[in-house]
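The chain contents come next:
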Amino acid sequence: NKLAYYIGRSFSMMYRIALCSLHFAALYLIQCEQVVTTAELYTVTFAVFFAVYGLASIVSVIIPIQTASLVAVVVALIAPVFGGYVRNLPDVMKKISYAWWANEAFFSYATDDFNGIYMVEKSADVFDYILDQTGKDIFVAFMIGFIYRIITYFCMIGLNRDKQS
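Residues numbered from 1 in each chain as written. Predicted model: local features only at pLDDT ≥ 70, side-chain atom pairs only at ≥ 80, totals over all residues. Heavy atoms only, no water.

A. Examining the overall build of the chain more closely. Scanning the chain from terminus to terminus reveals eight helices and zero strands. Of the regular secondary structure in the chain, the N- to C-terminal order runs α-α-α-α-α-α-α-α. In terms of overall dimensions, the chain has a C-alpha envelope of 60 × 35 × 25 Å along the principal axes. Scored against the burial criterion, the 165 residues of the chain give a buried share of 36%. Of the roughly 10200 Å² of accessible surface on the chain, 68% is carried by carbon and sulfur atoms. (Helix = DSSP H or I, 4+ residues; strand = E, 2+ residues; numbered from the N terminus. Buried < 20%, exposed > 50% of the residue type's maximum accessible area, 1.4 Å probe, protein only. Areas by Shrake-Rupley, 256 points an atom, 1.4 Å probe, with all protein chains shown as cover.)

Next comes the structure, spelled out in structure tokens:
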């Protein structure tokens, strides 16, 4: 059954996503000033890695196996730029990217302690962020990763049917 194979394959990657995001969060906390808690950083990082692995899975199904790894890395580096890190893009383009939602969550976490000191709301307005909805932000980033996996499944059963057994 192709669905069982794909679900098993996706779940088998969860340990790698968990360890990679833990590794990134640990290095970040060691090298940078800690403005968020370890749990908050790990949650945002886990959501980003989950979505990136979903995006890479789409690339791995569409692109030939010889170049899939290279193209997946390039797509994973370019996709956030057009989704979450450029503030003058159209809202629709920003809101369909996992990077937008993860950035908004990280911004809310990082600026939470400075609300009474700095003009955090004004900074959030510059980037069109809505503060204090980190649960929604993390959920949407996970859902985008889940949607990437659904797209991958349909590409897997629909493309290259002659090579499937």
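Moving on, there is more to tell.
B. The arrangement of the packing of helix 6 (residues 98-111) against helix 8 (residues 134-158) in detail. Following both chains from N to C, one finds helix 6 and helix 8 inclined at 160°, their axes separated by 8 Å at the closest point. Between helix 6 and helix 8, the crossing angle belongs to the class labelled roughly antiparallel. Seen from above, helix 6 lies across helix 8 with left-handed handedness. Contacts from Tyr-98, Trp-101, Glu-104, Ala-105, Ser-108 and Tyr-109 in helix 6 reach Thr-134, Lys-136, Asp-137, Ile-138, Val-140, Ala-141, Ile-144 and Tyr-148 in helix 8. The residue inventory of the contact of helix 6 with helix 8, partitioned by class, reads nine nonpolar, two polar and three charged. (Axes fitted to C-alpha atoms, helices over the stretch in contact; angles between N-to-C directions. Parallel < 35°, antiparallel > 145°, perpendicular 65-115°, else oblique. Left-handed = near helix turned anticlockwise from the far one by under 90°. Contact = heavy atoms within 4.5 Å. Nonpolar A, V, L, I, M, F, W, Y, C, P; charged D, E, K, R; others polar.)

C. Examining the nonpolar core more closely. Counting 27 residues, the largest nonpolar core has Val-44, Tyr-98, Trp-101, Phe-107, Ile-144 and Tyr-148 as the members making the most contacts within it. When residues of this core are traced back to their parent elements, those giving at least two are helix 2 (14-31), helix 3 (38-62), helix 6, helix 7 (120-126) and helix 8. Ranked by residues supplied to this core, first place goes to helix 6 with nine residues. Beyond its immediate chain neighbours, meaning those up to four positions away, Phe-107 contacts Val-120, Ser-123, Ala-124, Tyr-129 and Leu-131. (Core = buried A, V, L, I, M, F, W, Y, C linked by side-chain atoms within 4.5 Å.)

D. Looking closely at unusual backbone geometry. Even without a glycine there, the phi angle at Asp-128 is positive, about 60°. Relative to the assigned elements, Asp-128 resides in the loop between helix 7 and helix 8. Taking relative accessible area as the criterion, Asp-128 reaches 37% and is therefore assigned partly exposed. Despite not being glycine, Asp-132 has its phi angle at roughly 60°, a positive value. Looking at the secondary structure, you find Asp-132 in the loop between helix 7 and helix 8.

E. Molecular detail of the packing of aromatic side chains. Under the defined criterion, the tally for this structure stands at twelve aromatic pairs. An angle of 40° between the planes, with centres 5.9 Å apart, marks the rings of Tyr-42 and Phe-46 as tilted. A residue pair is termed a helical-turn pair when its members lie 3 or 4 positions apart in one helix, as Tyr-42 and Phe-46 do in helix 3 at four residues. The class of Tyr-42 is partly exposed, set by a relative accessible area of 26%. With a relative accessible area of 16%, Phe-46 lands in the buried category. Taking 5.0 Å as the distance between ring centres and 55° as the angle between the ring planes, the aromatic pair formed by Trp-100 and Tyr-129 counts as tilted. Taken as a pair, Trp-100 in helix 6 and Tyr-129 in the loop between helix 7 and helix 8 lie far apart in primary sequence, 29 residues in all. (Phe/Tyr/Trp six-rings, centres within 6.5 Å; stacked < 30°, edge-to-face > 60°.)

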